[in-house]
Amino acid sequence: MPTTRGREVSRPFEDVLAEVRASGRVEIELLGQTVNAYRCPISGRDFGALLSAVAEIDGVRRLRFMTSHPAEVNDSMIAAMRGHANISRYLHLPVQSGSSRILRRMKRLYTREKYLETIQRIRTAIPEIHFSTDIIVGFPGETEEDFQESLTLIEQVRYPSLFAFKYSPRPARRRRGLGRRWRRDCR
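Residues numbered from 1 in each chain as written. Predicted model: local features only at pLDDT ≥ 70, side-chain atom pairs only at ≥ 80, totals over all residues. Heavy atoms only, no water.

A. Up close: the overall build of the protein chain. A count of helices and strands for the protein chain gives seven helices and five strands. When the helices and strands of the protein chain are placed in sequence order, the string is α-β-α-β-α-β-α-α-β-α-β-α. Residues classed as buried in the protein chain amount to 40% of the 187 residues present. The long-range fraction of contacts in the protein chain, counting pairs at least 24 apart against all pairs at least 6 apart in sequence, stands at 77%. For the protein chain, the accessible area works out to roughly 11500 Å², and carbon and sulfur atoms hold 51% of it. (Helix = DSSP H or I, 4+ residues; strand = E, 2+ residues; numbered from the N terminus. Buried < 20%, exposed > 50% of the residue type's maximum accessible area, 1.4 Å probe, protein only. Contact = heavy atoms within 4.5 Å. Areas by Shrake-Rupley, 256 points an atom, 1.4 Å probe, with all protein chains shown as cover.)

As structure tokens, this is what we get:
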């Protein structure tokens, strides 16, 4: 999971529900770097429980969320999506690469096979689902074979939409001192 922004923090379950109720909005979008990794810090309820609770709020006609992490898809999330018609039948599920070797080098927490299994589990539960994804090409060490594995994965999943990016290295960040400055600024 992405860790460049620091440790993930989930808001209390009831705070999210109160905000949705107070908004009076008919369309809600839950956002997070890995939104489906949500875990209430008080009760421990997971993202599937949150999805169901938000979907059941009077007046919420459409509920969307992004971005999901493939390693965090679980039965609770799938059941919530299947069980509530007001939850969008669209899921952005970034794969990054169709090569397990490259996924391992990217420090992703799944393999090509696990990703395809996740797609199949969701499609079995929600046949009308549409997926989109992100693909990175040119990752250091990527071979023609790795690239071809990405192409065959794309063909197999049949994404109606995908976002393709050329790998670009990020400048190294100075890590020391950033945490101290952040803590000082938040007091």
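B. Layout of the packing of helix H3 (residues 75–83) against helix H5 (residues 112–125). Direction vectors running N to C along H3 and H5 enclose 30°, while the axes themselves pass 10 Å from each other. In terms of orientation, H3 and H5 fall into the roughly parallel class. The element H3 and its partner H5 pack so that their crossing is right-handed. For the pair H3 and H5, contact is made by Asp75, Ile78 and Arg82 and by Arg121, Ile122 and Ala125, respectively. The class makeup of the residues in the contact of H3 with H5 is three nonpolar, no polar and three charged. (Axes fitted to C-alpha atoms, helices over the stretch in contact; angles between N-to-C directions. Parallel < 35°, antiparallel > 145°, perpendicular 65-115°, else oblique. Left-handed = near helix turned anticlockwise from the far one by under 90°. Nonpolar A, V, L, I, M, F, W, Y, C, P; charged D, E, K, R; others polar.)

C. Summary view of the nonpolar core. In terms of nonpolar packing, the biggest core is built from 42 residues, with Leu30, Leu51 and Phe65 touching the most fellow members. Every element with two or more residues in this core is listed here: helix H1 (13–23), strand E1 (27–31), helix H2 (47–55), strand E2 (62–66), H3, H5, strand E4 (130–137) and helix H6 (144–157). The leading source of residues in this core is H2, at six residues. Once you skip the residues sitting within four places of it in the chain, Phe65 turns out to touch Glu29, Leu30, Val35, Phe47, Leu51, Met77, Met81, Ile87 and Leu91. (Core = buried A, V, L, I, M, F, W, Y, C linked by side-chain atoms within 4.5 Å.)

D. Quick look at the packing of aromatic side chains. Considering all chains together, one arrives at three aromatic pairs under this definition. Residues Phe47 and Phe65 carry aromatic rings whose centres are separated by 5.1 Å and whose planes lie at 70° to one another, so their mutual orientation is edge-to-face. Here Phe65 lies in strand E2 and Phe47 lies in helix H2, a separation of 18 residues in the sequence. Of the two residues, Phe47 and Phe65, neither departs from the other in class, the shared state being buried. Centroid distance Phe139 to Tyr167: 5.1 Å. Interplanar angle 75°. Geometry classified as edge-to-face. Of this pair, Phe139 sits in the loop between E4 and H6 while Tyr167 sits in the loop between strand E5 (161–166) and helix H7 (178–185), and the two are 28 residues apart along the sequence. Here the guanidinium or amino end of Arg45 rests over the ring plane of Phe13, the centre of that ring lying 3.6 Å away. (Phe/Tyr/Trp six-rings, centres within 6.5 Å; stacked < 30°, edge-to-face > 60°. Lys NZ or Arg CZ within 6 Å of the ring centre and 35° of its normal.)

E. Spotlight on the sheet that holds E5. Taken together, three strands build an open sheet; the order of strands is E3-E4-E5 and the sheet is parallel. With partners counted over all chains shown, the strands left at the sheet margins are strand E3 (90–92) and E5, one partner each. For this sheet the average axis-to-axis angle between neighbouring strands, irrespective of direction, equals 15°. As paired elements, E3 and E4 share three bridges and run parallel to each other. Within the sheet, the bridge partner assigned to His92 lies in E4 and is Ser132. (Pairing = 2+ DSSP bridges.)

F. Representation of the side chain of Ser68 in the model. Among the secondary structure elements, Ser68 is positioned in the loop between E2 and H3. Under the relative-accessibility criterion, Ser68 is labelled buried at 3%. Not counting chain neighbours up to four residues away, the residues in contact with Ser68 comprise Val35, Asn36, Met77, Leu91, His92, Leu93 and Pro94.

G. Representation of H5. With 14 residues, H5 should reach 20 Å at 1.5 Å per residue; the first-to-last C-alpha distance of 20 Å fits that figure. Contact partners of the buried residues in H5: H3, E3, helix H4 (100–105), E4 and H6. (Expected span 1.5 Å × (residues − 1).)

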